[in-house]
Amino acid sequence: MIKVNNIYKSFGDKEVLHDISVTFEQGKTNLVLGQSGSGKTILMRICTGLLEPNSGDVYFNDRRFSNLPESKRRDIRREMGVLFQGGALFDSMNVEENVMFPLNMFTRLSRGEKLDRVNFCLKRVNLENSNKLRTNELSGGMMKRVAIARAIANNPKYLFCDEPNSGLDPKTSELIDALISEITEEYNITTIINTHDMNSVMKIGQHINFLYKGQLWWKGDKNSILTTDNNELREFVFATELTRRLR
Amino acid sequence: MLRKIGDYVILMWQALRRPPKFSVFMRQLVREFYSLGVTSFLIVAILSVFVGAVAAILVAYNIDSPLIPDKMIGFVTRQMVIQEFSPTIICIILAGKLGSQIASEIGTMRVTQQIDALQVMGINAANYLIMPKIIACLLFIPVLIVFSIFLGIYGGYVACDVLSIISTEDYVIGLRSWFDPWMLTFAMIKTLVFSFIIASVSSYIGYNVEGGSVEVGRASTNGVVYSSILIILFDLILTQMLLS
């Protein structure tokens, strides 16, 4: 479980997050929904320690994370897996080396054991026999799946996904969503997903937090989002022609 | 300016620490040896031979006097190559090749969030990325400079032989005259300082890239420009300090 308490963040005079307090549940897919510029990525960067908040705290299972010195944060960081928007695969390495990287850094497993784990993770994301492919040989969907395999290689307790569907076709998007959802339940991970994709919301939105202009505007789940009377959320949900027609 | 110097010192403080996994560090180091060092042999060889030859021709042209013995051409060529040409000029050439390579590699990793990925995993990204490059440069550039000294002197020998400026025997006698081993130490001290400048300044510039491909290109250019300026500046300081 991750608790975010009263987070404020500004860049100069521009306030990008205003008093955000939210709890991300363990074993659930927790979505942070909002249009571009609403502060989703900033909130995720604060949760992962890549940005410091102006005030407020982040707790990982009651362990305070904000404002800790880097050396003390490392223990918590090693329990995180992050899927970045572009995958952020190391382009000097092939698929196998990318997935093996956290195992090389943090475990004392033998080469054979590490290889078994890599193959298991690659199989889990339906990429068996892709070990030796270079990152420039991968499609967008494959990159995301390798990034997921790398994120789960070290058995994380917390999985952060920043717009996992961006730039993917609908079918691949569904595959990625299903994969994240299955992994979350299977390993009882606390998963936080930044998205503005309504398909993802309807498929895997167990807990939804809607950000609007840097504020937490609405909380709920995929069933209540379609019947909400919150105007800003309704505008967001029914922004496309397709959703308006479906309504 | 002061803020940038402070940021540079902090980054080096983070980078130059004991690596958490020695085996991973060694793997990175070997990779850097190849990508920064081995691939530079050819350009160093070509430049050294030709500039050594040109140095011998210029010395012969400028001291064309019956009062000065022919062996002076070998002596002056050797001194030029050891004291200035190999440690300074070759390091400036290497700043162009390695500086842009390091700044653009680390800069690209920054803009594609690869450095963020390292940090989120709890890895000291500066230590993981920068330290192997600095160590590789500190260990390999001196090897390149020694190689360059030999080839520069050999270039002068070839010029004397092919163009019949002086006899090769006189050239070799000049090479062996008034040799002061301190000159080699002086060249190596300069090389080590310049190697550190090339690796650390380019890494700092690449590490602090913000934006996209345009900024990576700019960082690559800045890596070369700042490294070259600092090399010239430290050349003056070190020459004054060590030879005065």
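Just so we're clear, the structure is a prediction, and the values are computed from it rather than from any experiment.

1. What to know about the overall build of chain A
- Summing up its helical and strand segments, chain A has nine helices and 10 strands in all.
- For chain A, the C-alpha radius of gyration of 18 Å lies close to 18 Å, the compact-globule estimate for 247 residues.
- The buried share among the 247 residues of chain A stands at 53%.
- Put simply, chain A shows about 11,400 Å² of open surface, and 46% of that area lies on carbon and sulfur atoms.

2. Regarding the sheet that holds strand β4 (residues 55-60) of chain A
- Strand order in this open sheet of four strands is β2-β1-β4-β5 (chain A), and the pairing throughout is antiparallel. Either end of the sheet is taken by a strand with one partner, and the two such strands are β2 (14-24) and β5 (63-64) of chain A.

3. Quick notes on the pairing of strand β10 (residues 215-220) of chain A
Residues and elements named next belong to chain A.
- Two elements, strand β9 (residues 207-212) and β10, share five bridges in a ladder whose sense is antiparallel. By the bridge assignment for β10, Ile208 is matched with Gly220.
- Between β9 and β10, which follow one another and run antiparallel, lie two residues, and Lys213 among them has a positive phi close to 50 degrees.

4. Quick word on the interface of chain A and chain B
- Residue-level contacts link 24 residues of chain A with 19 residues of chain B.
- The junction of chain A with chain B conceals about 1,800 Å² of combined surface from both sides, 61% of it contributed by carbon and sulfur atoms.
- Looking at the side of chain A facing chain B, the largest losses of area belong to Phe84, Phe90 and Met105 of chain A, adding up to 27% of the total buried there.
- For the pair chain A and chain B, the number of links is one salt bridge.
- The salt bridge involving Asp116 of chain B is made with Arg45 of chain A; its shortest N-O contact spans 3.0 Å.
- Inspection of the chain A/chain B interface yields six residue pairs in polar contact (both at pLDDT 80 or more).
- Going through the elements one at a time, α2 (70-77), β6 (80-83) and α3 (95-106) of chain A are the ones with two or more residues in the side of chain A that touches chain B.
- Per-element accounting of the side of chain A that touches chain B gives the leading share, five residues, to α3 of chain A.
- Grouping the constituent residues of the side of chain A that touches chain B by class yields 12 nonpolar, six polar and six charged.

5. Looking at the domain arrangement of chain A
Residue and element names in this part refer to chain A.
- According to the domain assignment, chain A contains domain 1 (22-52 + 65-79 + 158-247) and domain 2 (88-155).
- Distance between the C-alpha centres of domain 1 and domain 2: 24 Å.
- Counting residues at the interface gives 16 residues for domain 1, matched by 12 residues for domain 2.
- When domain 1 packs against domain 2, close to 1,200 Å² is buried across both sides, 68% of that on carbon and sulfur atoms.
- Looking only at domain 1, the three residues that lose the most surface to domain 2 are Arg78, Leu179 and Tyr187, adding up to 38% of its buried area.
- At the boundary of domain 1 with domain 2, the tally comes to two salt bridges.

What counts, and where the lines are drawn
- Residues numbered from 1 in each chain as written.
- Chains lettered and ligands numbered in written order.
- Predicted model: local features only at pLDDT ≥ 70, side-chain atom pairs only at ≥ 80, totals over all residues.
- Heavy atoms only, no water.
- Helix = DSSP H or I, 4+ residues; strand = E, 2+ residues; numbered from the N terminus.
- Rg over C-alpha atoms; globule rule 2.2 N^0.38 Å.
- Buried < 20%, exposed > 50% of the residue type's maximum accessible area, 1.4 Å probe, protein only.
- Areas by Shrake-Rupley, 256 points an atom, 1.4 Å probe, with all protein chains shown as cover.
- Pairing = 2+ DSSP bridges.
- Contact = heavy atoms within 4.5 Å.
- Buried area = accessible area lost by both parts, 1.4 Å probe.
- Salt bridge = Lys/Arg side-chain N within 4 Å of Asp/Glu carboxyl O.
- Polar contact = N/O pair within 3.5 Å; in protein donor to acceptor, adjacent residues only side chain to side chain.
- Nonpolar A, V, L, I, M, F, W, Y, C, P; charged D, E, K, R; others polar.
- Domains from an automatic or database assignment.

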